[in-house]
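# A structural walkthrough
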Amino acid sequence: AFLSFFLFTVSCFFLLFVSKRQMSDPKVVGVAVADGEGDEELTFEPTIENIIEQDTLKWVFVGGKGGVGKTTCSSSVAIQLAQSGRKVLLISTDPAHNLSDAFSQKFGPEPTKVQGVENLSCMEVEPASQLKNQLHSIEENNKELMDLFDSVGFSIPGIDEWNTFLQVMKFAKSMDQDVTVFDTAPTGHTLRLLQVPQVITAGISKLKGLNDTSGGMIGKLGSMFGGDKLEGMFSMLDTVKEDVEDIIRQFQDPDLTTFVCVCIAEFLSIYETERLIQELTKLDIDVHNVIVNQLLVLDKAKPCEMCSARFGIQQKYLTQVDELYDDFHVIKLPLQPREVRGVDELVKFSKLLLHDLEFNQ
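Please read all numbers here as calculations on a predicted model, not as lab measurements. (Residues numbered from 1 in each chain as written. Predicted model: local features only at pLDDT ≥ 70, side-chain atom pairs only at ≥ 80, totals over all residues. Heavy atoms only, no water.)

Helix and strand counts for the protein come out as 13 helices and 10 strands. Out of the 361 residues belonging to the protein, those deemed buried represent 50%. Accessible surface, the protein: about 17,700 Å² in total, of which carbon and sulfur atoms supply 51%. (Helix = DSSP H or I, 4+ residues; strand = E, 2+ residues; numbered from the N terminus. Buried < 20%, exposed > 50% of the residue type's maximum accessible area, 1.4 Å probe, protein only. Areas by Shrake-Rupley, 256 points an atom, 1.4 Å probe, with all protein chains shown as cover.)

Structure follows, in structure tokens:
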């Protein structure tokens with residue numbers, strides 16, 4: 001029990017210390033149409049026009065199961081937002097970055113303007129290397145802290161998500177952009193990333209609650225971070241908590257934040273998408289757009305037995321998606337005959353987000 005308490009306390013203090021250094025009812029959008037009796041009901045256009053037209057949006061997350069085309073879709077969403085006249089920052093939070101490959105342009109941990117697309121910048125967060133750089137920069141004054149985290153710190157569960165969140169907030173709050181689009185990691189990593197703000201605030205509250213019974217231990221740990229007085233340390237924690245709570249409020253405001261789910265028309269992908277939407281609902285994060293990617297469109301002039309079989313499977317699951325998400329904007333994107341790479345191909349592909357897919361060719 002003592003070891004668990006010690007590791008929990010050290011982890012919280014370390015992550016909050018890093019954060020101090022770095023962090024200087026869903027909205028329904030639809031079209032009213034009249035039914036047979038003269039009443040009006042909402043229909044949801046199969047496009048991302050609702051996102052483009054919502055000029056209050058500040059944060060757009062794009063995520064889903066691995067291998068469904070999240071990077072291509074997030075890049076396309078970012079391009080359409082940039083072409084609407086807003087300054088857009090596209091951030092990859094996936095440890096296996098693909099933005100550089102998608103745009104055929106090298107990106108790193110600092111925002112870089114995209115060549116060929118006005119108003120769009122990209123960056124790829126590198127939590128591990130950036131965390132090591134930060135620790136080595138303070139090694140002279142915090143030798144004990146450096147030794148501790150060189151040995152065990154980088155193995156703390158969730159530390160990548162913690163540092164990714166802090167890095168994202170550092171640039172998102174300091175950069176001059178209108179909208180930040182996140183090209184996220186697969187579902188599990190993304191959910192942990194979105195839970196980081198609540199974990200930080202809960203950890204601070206827990207530490208303050210333990211102050212009465214474990215004040216001596218917490219005070220000694222606080223001295224490792226240069227804090228001469230326990231009161232000053234908790235004052236710093238209060239400041240961090242206020243900053244994080246502001247981020248939580250923004251993420252839970254449907255006028256400021258939305259999540260775009262990407263899937264393909266297969267059972268496992270749709271099942272994971274539903275789980276993701278349920279978890280987002282628990283986190284009070286708005287989600288009203290689902291992109292179904294890689295859909296086959298048959299060419300009647302060139303019959304293909306395999307294509308017809310796959311088309312039938314996709315249409316079965318596509319019907320389920322339409323029924324399950326009848327109050328969502330369901331965007332259907334066709335399977336492409338070639339890789340979508342480079343600015344020209346991405347710009348061309350992004351236009352598909354603005355039109356309904358026709359299956360009759």
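Strand order in the open sheet made by the 8 strands is E5-E6-E4-E7-E3-E8-E9-E10, with mixed pairing throughout. Two strands bound the open sheet, and with one partner strand each, they are strand E5 (112-113) and strand E10 (329-334). Two strands pair when backbone bridges link them, and strand E9 (residues 287-295) and E10 are joined in this way by 5 bridges, in the parallel orientation. Paired with valine 292 across the two strands is lysine 332, which belongs to E10. Where helix H3 (residues 70-83) meets the sheet, its contacts fall on strand E3 (59-64), strand E4 (88-92), strand E6 (120-124), strand E7 (179-183), strand E8 (257-264), E9 and E10, and the angle it forms with E7 comes to roughly 170°. Running over the sheet, helix H12 (residues 305-324) touches E9 and E10 and is turned about 175° from E9. (Pairing = 2+ DSSP bridges. Contact = heavy atoms within 4.5 Å. Axes fitted to C-alpha atoms, helices over the stretch in contact; angles between N-to-C directions.)

A word on H12. Every α-helix carries 3.6 residues per turn, so stepping three or four residues along brings you back to the same face. Between its first and last C-alpha, H12 extends 29 Å over 20 residues, near the 28 Å set by a 1.5 Å rise per residue. The set of residues buried in H12 consists of Phe311, Gln314, Tyr317, Leu318 and Val321. The arc that holds every buried residue of H12, seen down its axis, measures 145°, which confines them to one face. Residues of H12 that are exposed and point more than 90 degrees away from the buried face comprise Glu305 and Glu323. (Expected span 1.5 Å × (residues − 1). Arc of directions from axis to C-beta.)

In this section: the confidence of the model for the protein. A residue-level look at the protein finds 70% of positions with pLDDT of 70 or above and a mean pLDDT of 80. Here residues 1-8 is modelled with pLDDT under 50, and outside its nearest four sequence neighbours on either side it reaches 7 contacts, counting other chains as well. Here residues 17-29 scores under 50 on pLDDT; set against residues more than four positions off or in separate chains, the count is 38 contacts. (pLDDT = per-residue confidence, 0-100.)

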